[in-house]
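Examination of the molecular architecture
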Amino acid sequence: MSIGRTTANFKTLKYWGKRDKTLNLPTNSSISVTLAQEDLRTLTTAATSSSFEKDNLWLNGKEEGIKGDRTIACLKDLRLLRREMEAADASLPKFSEWPIHIVSENNFPTAAGLASSAAGFAALVVAIAKLYQLPQLMSELSKIARKGSGSACRSLFGGFVAWEMGDLTNGEDSKAVEVAPLSHWPSMKAAILVVSDDKKDTPSTTGMQSTVATSDLFEHRINTVVPKRFEEMKKAILSRDFAAFGEMTMKDSNSFHAVCLDSYPPIFYLNDTSKKIIKLVHALNEQEGKIIAAYTFDAGPNAVIYYDQEHENKVLGLIHKYFHQVSGWEKVSDQVAQFEDL
Ligand code: DP6
């Protein structure tokens, strides 16, 4: 039996748009931070035995079976790599021919825009790769996780991770690489404001397809804005420049939500509470005369606020003042009347 454990990754430069829907090949490179956080984790165990009747999967205690095309694609690739090893070494047990049992559990709401599918597919790939004793490096395995869910490829690494979009049609160069480990910038913190744990309005895949097909702004984003930002954000991370990192993170979140709004019909992921959080962060930065906090929102209304530990009291203090709960899985109350007084 083998265990894969991953935590959610939060995008600082968004992946939005596919050039190949089956292989999950993106239209732009992206960057995320994988947090070392216990309250956002997926734990997956994998076991194989010739006595198992069939492949099977349990998700949060419920028998789901292996049905999704994406899970099937990941399993197929992992088995292929194991089969190659078995072909080269006849003494190895024929794991690739035996049924596999996968048990996965996550401790955060599924499909609420909190990157649960990313952590789920990444943990699945890691657990099976360990079970099969595959020698491949994480970047190689990230190509398999990518087929499960695009954002999953970045979750194989901790810390600051780039997903290089690549340009081959078979996806062989579309993989995740480490920009820096979390230890490079240990004072970087993130607070998660759960505005809603409802299922997201428009699933990412559907949303992306609609944006690619209908948004006029999209071409500008992927051809002009993101390529430059991708290089600059890596530099900001490497030089631990919070102001530059924060500004680009916020601008990229806004750019992503702008192309969602520019899709036809428009896609709305932010709600009024999200917008109040945006205003609050800008008000705080203005008051400080520099960027000490940065928000980012994925395909949902929940916020991730990045800040440096040295400003923790100021950032969390302010959030506490205007919202009833910070992080954890308590919902941030919609009653933010005091916010209007800012
Ligand atoms: C808004 O990875 O969920 O979080 O590849 O279809 O599984 P699929 O999409 P998914 O999309 C996530 C989009 C995002 C931005 C990001 O991950 O960078």
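As the structure is a computational prediction, the values presented were derived from the model and not from experiment.

Take empty space enclosed by the protein next. This model, assessed by the stated rule, comprises two cavities of 30 Å³ or more. In this structure, the second largest cavity spans a volume of roughly 40 Å³. The wall of the second largest cavity is formed by L280, V281, L284, A293, I305, V315, L318 and I319. Among the elements of the structure, helix 7 (272-288) and helix 8 (312-322) are those that each provide at least two residues to the lining of the second largest cavity. Within the lining of the second largest cavity, the residues separate by chemical class into eight nonpolar, no polar and no charged.

A few words now on the site of the ligand. Taken together, 17 residues form the shell around the ligand, and within it Y15, K18, S149, S151 and T205 come nearest. Here an oxygen atom of the ligand sits 2.5 Å away from a polar atom, N or O, in the side chain of S151. At 2.6 Å from an oxygen atom of the ligand is found a side-chain nitrogen or oxygen belonging to T205. Contact with the protein chains removes 96% of the 450 Å² of surface that the ligand exposes when unbound.

We now examine the side chain of N28. As for its position among the elements, N28 is in the loop between strand 4 (25-26) and strand 5 (30-34). Looking at N28, the relative accessible area reads 2%, which means it is buried. Here K14 takes part through its backbone oxygen, which lies 2.9 Å from a polar atom of the side chain of N28. For N28, the contacting residues outside a window of four places in its chain are K14, Y15, W16, M165, I222 and V226.

Next up on the list: the packing of helix 5 (residues 217-238) against helix 6 (residues 242-261). Interaxial distance between helix 5 and helix 6 falls to 10 Å at its minimum, and their mutual angle equals 160 degrees. The angle between the axes of helix 5 and helix 6 places the two elements in the roughly antiparallel class. The crossing of helix 5 and helix 6 is left-handed. Seen from helix 5, the contacting residues are L217, F218, R221, V226, R229, E232, M233, A236 and I237; seen from helix 6, they are A244, F245, M248, T249, K251, D252, S255, F256, A258 and V259. Broken down by class, the residue content of the contact of helix 5 with helix 6 amounts to twelve nonpolar, two polar and five charged.

Turning our eyes to something else, we now look at the side chain of S274. Mapping S274 onto the fold places it in helix 7. With a relative accessible area of 0%, S274 lands in the buried category. Beyond its immediate chain neighbours, meaning those up to four positions away, S274 contacts F297 and P301.

Turning our eyes to something else, we now look at the confidence of the model for the protein chain. On average, residues of the protein chain score 88 in pLDDT, and 88% of them are at 70 or above. Predicted confidence is poor over residues 325-342, with pLDDT under 50, and the contacts of this stretch with residues over four places away or in other chains come to 48 contacts. Interface scoring of the predicted complex returns ipTM 0.98; its pTM is 0.90.

Inspection of every chain in the model, using the stated rule, returns 16 salt bridges. Taking the shortest distance from any N to any O, the salt bridge between D298 and K11 comes out at 3.1 Å. Within this pair, whereas D298 is found in the loop between strand 13 (293-297) and strand 14 (303-308), its partner K11 is found in strand 2 (residues 9-13), the two being separated by 287 residues in sequence. For the pair shown, D298 and K11 are each scored as buried. Residues E288 and K314 are paired through a salt bridge, measuring 3.1 Å at the closest nitrogen-oxygen approach. Pair noted here: E288 is in helix 7 and K314 is in helix 8, with a separation of 26 residues, a long-range link. Using a relative accessible area of 25% as the deciding quantity, one classes E288 as partly exposed. Bridged by salt links that share partners, the residues K11, K14 and D298 form one connected network.

With that out of the way, let us pick up the environment of T296. Tracing the sequence through the fold places T296 in strand 13. Through-space distance from the C-alpha of T296 to that of Y269 is 12 Å; in sequence the pair is 27 residues apart. In contact with T296, other than residues within four places in its own chain, are K11, K14, T249, S253, N302, A303, V304 and Y306. Polar contacts involving the side chain of T296 include one to the main-chain carbonyl oxygen of K11, which spans 3.2 Å.

Spatially, four strands are ordered 2-5-10-11 in an open sheet, and the strand pairing comes out antiparallel. Only two strands of the sheet have a single partner each, and these edge strands are strand 2 and strand 11 (175-180). The average angle at which neighbouring strand axes cross in this sheet is 35 degrees, direction not considered. The pairing of strand 5 with strand 10 (residues 159-164) spans five bridges and is classified as antiparallel. Looking at strand 10, one finds that V33 is bridged to F160.

Thresholds applied
Within each chain, residue numbers correspond to sequence positions counted from 1 in written order. Per-residue local features of the predicted model are confined to residues with pLDDT of at least 70, and side-chain atom pairs are confined, for both listing and counting, to 80 or more; whole-chain, interface and lining totals are unaffected and use all residues. Each side-chain value is derived from all of the structure's non-hydrogen atoms; neither hydrogens nor water enter the calculation. Both site types are read off a 1 Å grid over the protein atoms alone. A 1.4 Å probe that fits but cannot get out defines a cavity, while an open set with protein on both sides within 12 Å along at least five of seven lines defines a pocket; lining residues have an atom within 4 Å of a point. Grid points are joined across faces, edges and corners, and a volume is the space filled by probe spheres set on the points. Counting from the N terminus, the helices are DSSP H or I runs at least four residues long and the strands are E runs at least two residues long. Under the grouping applied here, Gly and all other residues not named as nonpolar or charged are polar, the nonpolar ones being Ala, Val, Leu, Ile, Met, Phe, Trp, Tyr, Cys and Pro and the charged ones Asp, Glu, Lys and Arg. Whether a residue is near a molecule or strand depends on its heavy atoms: if one lies within 4 Å, it is near. Polar contacts here mean pairs of N or O atoms no more than 3.5 Å apart (in protein, one a potential hydrogen donor and the other a potential acceptor; neighbouring residues in sequence count only if both atoms are side-chain atoms). Surface accessibility in these figures is a Shrake-Rupley result with a 1.4 Å probe; residues are shielded only by whichever protein chains are displayed. For each residue, the accessible area found with a 1.4 Å probe, counting protein chains only, is set against the maximum for its type, and the residue is called buried under 20%, exposed over 50%, and partly exposed in between. When checking whether two residues touch, look at their non-hydrogen atoms; a contact exists if any pair is within 4.5 Å. Convention adopted: a line fitted to C-alpha atoms gives each axis, helices being fitted over their contacting stretch, and angles between N-to-C directions are expressed from 0 to 180 degrees. Angle categories are assigned with fixed cut-offs, so that under 35 degrees is roughly parallel, over 145 is roughly antiparallel, 65 to 115 is roughly perpendicular, and the rest are oblique. Take the far helix as the reference: if the near one is turned anticlockwise from it by less than a right angle, the crossing is left-handed, and if turned clockwise, right-handed. Scored from 0 to 100, pLDDT records how confident the predictor is in each individual residue. Salt bridge, as used here, is a side-chain nitrogen of Lys or Arg placed within 4 Å of a carboxyl oxygen of Asp or Glu. Two strands are counted as paired when DSSP detects at least two bridges linking them.

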